[in-house]
Amino acid sequence: MSYFVNEKGYYGDFGGAYIPEMLYPNVEELRQNYLKIMADEDFQKEFHQLLKDYVGRPSPLYLAKRLSQKYNANIFLKREDLNHTGAHKINNTIGQILLAEKLGKKRIIAETGAGQHGVATATVCALRGLECVVYMGEVDIKRQAPNVARMKMLGARVVPATSGSKTLKDATNEAMRDWINNPVDTHYIIGSVVGPHPYPDMVARFQSVISEETKKQLIEQTGSDQPDYVLACVGGGSNAIGMFYHFIDDEKVKLVAVEAAGKGVDSGFSAATTALGQEGVLHGSRSILMQTHDGQVVEPHSVSAGLDYPGIGPQHAHLFKTGRGSYVSITDDESLQAGLLLTQMEGIIPAIESAHALAYLEKMKFTGNENVVVCLSGRGDKDMDTYMKYFGL
Amino acid sequence: MNRIKELFQKKKDILSIYYTAGYPSLGDTVAIAEALQESGADLLEIGFPYSDPVADGPTIQASSKQALDNGMDLKLLFEQLKNLRAKVTIPVLLMGYVNPMLQFGVENFCKACVDAGVDGCIVPDLPMVEYEELYKAVFADHGLSNIFLVTPQTSTERIHKIDSLSNGFIYLLSSSATTGQNLQVGDTTEAYFSRIANLKLKNPTMIGFGISSKETFNKACQYANGAIIGSAFVKALDKSDVQGSVKRFIKEFRP
């Protein structure tokens, strides 16, 4: 059984490139070139140099002692929150901006939900001097004002998506429309492991640095590169794929993907895609998505804008369907409590997205010897408003 | 004989009209088809709405959303189309995105098309490879045409492949764009249309995207067998006088 993409762009039943003809030349250009460019020695050298000197990698693998005591296991946190711009998103934008340059593109577009991917894209555009347009749902623009200001200061144009639910899904639609209308000079930096092939594979490869480092760090700290569990939150699923990537073929390592249950899986206000979704096509790939009987995409809900997405990447759909990964969910309330807990026990304020992964520790049973890695995908600065309102701080 | 083939053999400067099923009011679908035929349209493309129409501009996004809010879905659409062939004799295509079709079941979808007298489909986000491997046989079994899109960026090799898989016509996009923008025929567009004309394709061609006036329609007809009007027509539909607004709109093209 392969858990990775095949030559046709599929992960089992999922993936492919369900795109209108207008996008075909762009996506095909990328498909034909991405592996070649990424394998190039100069490209790799520049990519890793920037990850080291600009992003600040490797990100630490931190043994959270007090949390470990509480849960009766060795809880390691992969500190993606310490990256430049505050989340794992920049691993991918650094890779894609270098790739866009090799393809001769002059203009960059991106979608963003919480604004983390938008900021990471605006950042690398400033770094390389490329024009940047970020599409963001009108609702998200209001709830993530600090990130909007950061993008603007970085020189990006932030365009509100005003259709549908005015959140991440609609921002993605608008970015795709922009790409259709600008078929020659523009590269679309998708922020997650979603979209038409080769995006899910390309983004996974850029994010795989997370598990590559984790393995080395585990050997140093525990003597083994084989943890018992790795946990990560899943919206589209890019930090989770990055965290899982080098463990996927080692079936002894249990993969736990935590979705956002919102106000509860059956509340009608949820983003728990594997619990509520069916197979279908969204944003260019066949995957699992929340939809009506008629195939209309359902508006999701989560307190965390980064998980507020009605689909998951096709590789996740495959890991879920084959049973290789456990897909579970955590409510808004549980995630906020977990965020507060980490803050007060370890002095780390996590992004509410990452707090979903942490919250699942409460539901697991350990015997004291397990090594557990949780991907702390981002920091909570952007979420202070939500935390303050919820806890009356 | 296939209604589409017959049309292209008989006529030139074919006028094809796109509109969204269930818009402006839920029950307008067949009434608009009748009014279009009476006014002189040659071919109809009835859109089945989708929540996330990425290839469409604001006008068709809005009509799709309104149709969904009105309660349109594929099941209801096929019910409405049961009476279509009692009155409408011109060829009819269904146009929409792949996900609603997949949820309905491709086989069921094809069967329902045949029962309703629909002649073929345009599904912009159904890739050629998947169509060929998974669905071509089903479409063929039901005698349905599948219409593919070609843009100025589509390679000649790919156009020939599309031609070999097509049976009906090929939908030429005037430019790589979402729907609802104006056609500007400059030197590059002209070169692209001429390039296609010189390929001697087995299928006829229709030009769409950006056709909104008699002038742009005529221009497109110089290079193809006809042209398709979508957004401009949808914009002109008047909820309080659907029949009248259809007739007034078509009059410019069929005086």
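Further up the page is the structure itself.
No experiment lies behind these values; they were computed from the predicted model shown.

How each quantity is defined
- Residues numbered from 1 in each chain as written.
- Chains lettered and ligands numbered in written order.
- Predicted model: local features only at pLDDT ≥ 70, side-chain atom pairs only at ≥ 80, totals over all residues.
- Heavy atoms only, no water.
- Buried < 20%, exposed > 50% of the residue type's maximum accessible area, 1.4 Å probe, protein only.
- Helix = DSSP H or I, 4+ residues; strand = E, 2+ residues; numbered from the N terminus.
- Arc of directions from axis to C-beta.
- Contact = heavy atoms within 4.5 Å.
- Polar contact = N/O pair within 3.5 Å; in protein donor to acceptor, adjacent residues only side chain to side chain.
- Disulfide = S-S within 2.5 Å.
- Pairing = 2+ DSSP bridges.
- Right-handed = clockwise from strand over helix to strand, strands pointing away.
- Buried area = accessible area lost by both parts, 1.4 Å probe.
- Salt bridge = Lys/Arg side-chain N within 4 Å of Asp/Glu carboxyl O.

Would you mind showing me how to read helix H1 (residues 3-10) of chain B here?
Helical geometry note: an α-helix holds 3.6 residues per turn, so side chains three or four residues apart project in the same direction. Residues and elements named next belong to chain B. Within the sequence span of H1, burial applies to Ile4, Leu7 and Phe8. Angular distribution of buried residues about the axis of H1 spans 90°; they occupy a single face of the element. Exposed residues pointing more than 90 degrees away from the buried face of H1 are listed as Gln9 and Lys10. In this fold, the buried residues of H1 make contact with strand S1 (14-20), strand S2 (43-47), strand S3 (92-95), strand S5 (145-147) and strand S8 (205-208). The opening residue of H1, the one whose side-chain oxygen lies 2.7 Å from the backbone nitrogen of Ile4, is Asn2.

Is there a simple way to think about the state of the cysteines in this case?
A covalent bond between the sulfur atoms of two cysteines is what we call a disulfide. Residue and element names in this part refer to chain A. Scanning all chains against the criterion turns up 0 disulfides over all chains. No disulfide involves Cys233; its sulfur sits 7.2 Å from that of Cys375, the nearest cysteine. Under the relative-accessibility criterion, Cys233 is labelled buried at 2%.

Before we go on, may I ask you to explain the sheet that holds strand S9 (residues 226-229) of chain B in this structure?
Pairing between the strands of a sheet is mediated by backbone hydrogen bonds and can be parallel or antiparallel. Strand order in the open sheet formed by 9 strands is S5-S4-S3-S2-S1-S9-S8-S7-S6 (chain B), with parallel pairing between adjacent strands. In the strand order of this sheet, the two ends are held by S5 and strand S6 (149-150) of chain B, each with one partner.

Looking at this structure, I do not really get the pairing of strand S10 (residues 254-262) of chain A. What am I missing?
On a regular strand, each side chain points to the face opposite its neighbour's, so the side chains alternate between the two faces of the sheet. Residues and elements named next belong to chain A. Counting buried residues along S10, 8 of its 9 residues qualify, which places the element largely inside the surrounding structure. Pairing between strand S9 (residues 229-233) and S10: 5 bridges, direction parallel. Across the sheet, residue Ala232 finds its bridge partner in S10, namely Ala257. Crossover connection from S9 via helix H11 (residues 238-244) to parallel S10: handedness right-handed. Pairing of S10 with strand S13 (residues 325-331) involves 7 bridges; the strand directions are parallel. Residue pairing for S13: Ala260 is matched across the bridge by Ile330.

What's the story with the interface of chain B and chain A in this structure? I'm lost.
Accessible area lost when the parts come together is the quantity often used to give the size of an interface. Between chain B and chain A, the contact holds 37 residues from the first and 33 residues from the second. Buried surface at the junction of chain B and chain A, summed over both partners, amounts to about 2800 Å²; 50% is from carbon and sulfur atoms. Where chain B touches chain A, the interface holds 3 salt bridges. If you look at where chain B meets chain A, you find 24 residue pairs in polar contact (both at pLDDT 80 or more). Elements with a contribution of two residues or more to the side of chain B that touches chain A: helix H3 (58-70), helix H6 (98-104), helix H8 (128-141), S6 and helix H9 (156-165) of chain B. Counting residues per element, the side of chain B that touches chain A draws most heavily on H6 of chain B, at 5 residues.

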